[in-house]
Amino acid sequence: MMLAMSDASPLRSGTGRRPRALSGAQPTADSYHLGNYFGAFRQWVALQDEFEAFYFIPDLHAITVDYDPALLRERTYIAAAQMLASGVDPARSALFVQSHVPEHAQLAWILNGITGFGEAGRMTQFKDKSAKNGSDNASVGLFTYPILMAADILIYQADKVPVGEDQRQHVELTRNLAQRFNHRFGPTFTVPEAHIVKATAKIYDLQDPTSKMSGSNASHAGVVDLTDTPKQVAKKVRSAVTDSGTEIVYDLAAKPGIANLLSIYSALTGREIAEIVAEYEGQQYGHLKVALGDLLAEFVGTFGDRTRELLDDRAELDRILAAGAERAREVAAPTLELVYERSGFVRPV
């Protein structure tokens, strides 16, 4: 009975409403990369018709590690431009900067009060990130950022959270906190579900095809940035690590290099991998690399032109982000007000 009550919020009652989706991508690099595009942004675009979508740039999360303020500001604009260039439509989705909506941080503090220390310490991403420089050098913000992530989701009463498999644990923490708050203080939060698209192409590093493409990789030679020039992309594909033998087949275990190139080819064209393999039967690895290099060069060229066009008009970007924050606060503010009332705070008159 209590579980049934905890899965609903009084703010989301009624029929005929569209479900809500919420997702974000940190502005911690000078550009997003091909893995971000296929693993996240393209999925965001596809969800815009079915869901009431909220997409944001988590600049509050970005300050949990050492950072440069001027660089963070510029990367935030780049992030917004690249999300828009990917197809996020501000007429159909709220696109905003996290720090423009103070309810995120305010709710995070409330959730800190119902999160166990051991519970937060079991988050694997904190363990991984703090292991690089030692836990003594890790910030408290890095330790508690999964709680801020839970606030990001719950403040919008989101039904679905499009995330990668590596973020599933954080969504489970969010669900636990929502149910805990609802049980203690009454129905308040919608309990969200992770929305992990099974068909999403997994893009691996071109120089290390057993590792996911990531901007934090020690070498950037195998990462295709969305700001790369066509020449840079073609060179990276030509230099991509391949496998022993010469046969073009899709075999993740035996031929991870070729399998990665085929996955990228398939993601770019929408063609089935089996169809691409059949087309290149009897040909050498070089033939596949040349064709893929041309496809990727055309893609980043068009994407880069659109991104630069958006960045050249900062006033328009500011307008889009302000409008997105206004729409976000229309949803976030009532949620926070309900949380404050449930928590027993005296409200100002």
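Residues numbered from 1 in each chain as written. Predicted model: local features only at pLDDT ≥ 70, side-chain atom pairs only at ≥ 80, totals over all residues. Heavy atoms only, no water.

Engineer: Which parts of the structure should I look at to understand the UniProt feature "binding site: ATP" (unreviewed entry) in the protein chain?
Structural biologist: In the numbering used here, UniProt assigns the feature "binding site: ATP" (unreviewed entry) to Gln26, Pro27, Thr28, Gly35, Asn36, Gly164, Glu165, Asp166 and Ile203. Considering the arrangement of structural elements, one finds Thr28 in the loop between β1 (20-24) and α2 (34-47). With respect to the helices, strands and loops of the structure, Gly35 is situated in helix α2. In this structure Gly35 comes out as buried when scored by relative accessible area, which is 18%. Not counting chain neighbours up to four residues away, the residues in contact with Gly35 comprise Ala40, Ile203 and Met213. (UniProt positions renumbered as here; feature names shortened; annotations may be inferred. Helix = DSSP H or I, 4+ residues; strand = E, 2+ residues; numbered from the N terminus. Buried < 20%, exposed > 50% of the residue type's maximum accessible area, 1.4 Å probe, protein only. Contact = heavy atoms within 4.5 Å.)

Engineer: Before we go on, may I ask you to explain the confidence of the model for the protein chain in this structure?
Structural biologist: Predicted coordinates in areas of low pLDDT are best not read in detail. In the predicted model, the protein chain carries a mean pLDDT of 90, and 92% of its residues have values of at least 70. Helix α5 (residues 103-112) holds the highest mean pLDDT among the elements of the protein chain, 98, whereas helix α1 (residues 2-6) holds the lowest, 32. Note that pLDDT drops below 50 for residues 1-6; the model gives that stretch eight contacts with residues more than four away or on any other chain. (pLDDT = per-residue confidence, 0-100.)

Engineer: Teacher, can you tell me more about the UniProt feature "binding site: L-tryptophan" (unreviewed entry) in the protein chain here?
Structural biologist: With numbering matched to this structure, UniProt assigns "binding site: L-tryptophan" (unreviewed entry) to Asp152. Tracing the sequence through the fold places Asp152 in helix α8 (residues 140-154). Exposure remark for Asp152: the relative accessible area of 2% places this residue in the buried category. A polar atom in the side chain of Asp152 sits 2.7 Å from the side chain of His104. (Polar contact = N/O pair within 3.5 Å; in protein donor to acceptor, adjacent residues only side chain to side chain.)

Engineer: Is there a simple way to think about the pattern of salt bridges in this case?
Structural biologist: Between side chains of opposite charge, pairing is possible as soon as their charged atoms come close. Applying the stated criterion to the full structure yields 16 salt bridges. With a closest N to O distance of 2.6 Å, Glu279 and Arg271 form a salt bridge. Through salt bridges with shared partners, a single ionic network connects Asp49, Asp89 and Arg92. (Salt bridge = Lys/Arg side-chain N within 4 Å of Asp/Glu carboxyl O.)

Engineer: Quick question: what am I supposed to make of the pairing of strand β3 (residues 93-97) here?
Structural biologist: Every other side chain in a regular strand lies on the same face of the sheet, so the side chains alternate between the two faces. Most of β3 sits inside the fold, with five of its five residues counted as buried. Every second residue of β3 is oriented toward a common face, with Ser93, Leu95 and Val97 on one face and Ala94 and Phe96 on the other, all of them buried. One ladder, built from five bridges, connects strand β2 (residues 52-57) with β3; its direction is parallel. Within β3, the position partnered with Tyr55 by the bridge is Leu95. (Pairing = 2+ DSSP bridges.)

Engineer: Quick question: what am I supposed to make of helix α11 (residues 256-269) here?
Structural biologist: Quick reminder: α-helices carry 3.6 residues per turn. Residues three or four places apart thus point the same way. The terminal C-alpha atoms of α11 lie 20 Å apart, and with 14 residues this matches the ideal 20 Å at 1.5 Å per residue to within 8%. Restricting attention to buried positions, one finds in α11 the residues Pro256, Gly257, Ile258, Ala259, Asn260, Leu261, Leu262, Ser263, Ile264, Tyr265, Ser266 and Ala267. Elements that come into contact with the buried residues of α11 comprise α2, α12 (273-279) and α13 (285-311). Phi for Gly270, located one or two positions after α11, is positive at around 80°. (Expected span 1.5 Å × (residues − 1).)

Engineer: Would you take a moment to explain unusual backbone geometry for this structure?
Structural biologist: Negative phi is the rule for most residues except glycine; trans is the rule for most peptide bonds. Phi at Gln157 is positive, roughly 50°, even though this residue is not glycine. For Gln157, a relative accessible area of 1% translates into the label buried.

Engineer: What is the right way to read the packing of aromatic side chains from this model?
Structural biologist: What characterises a pair of aromatic rings is the spacing of the ring centres plus the angle enclosed by the ring planes. Scanning the model with the defined rule gives 16 aromatic pairs in all. Look at Tyr37 and Phe38: their rings are 5.0 Å apart centre to centre, the planes differ by 75°, and that puts the pair in the edge-to-face class. Note on Phe41 and Trp44: the rings are 5.1 Å apart at their centroids and 70° apart in plane angle, and the pair reads as edge-to-face. Residue Phe41 and its partner Trp44 are both found in helix α2; the two are separated by three residues, about one turn of the helix. Judged by relative accessible area, which is 0%, Phe41 ranks as buried. An aromatic cluster of three or more residues is present, and its members are Tyr32, Phe41, Trp44 and Tyr55. Here Arg314 stacks its cationic end above the ring of Tyr77, 4.8 Å away from the centre of that ring. (Phe/Tyr/Trp six-rings, centres within 6.5 Å; stacked < 30°, edge-to-face > 60°. Lys NZ or Arg CZ within 6 Å of the ring centre and 35° of its normal.)

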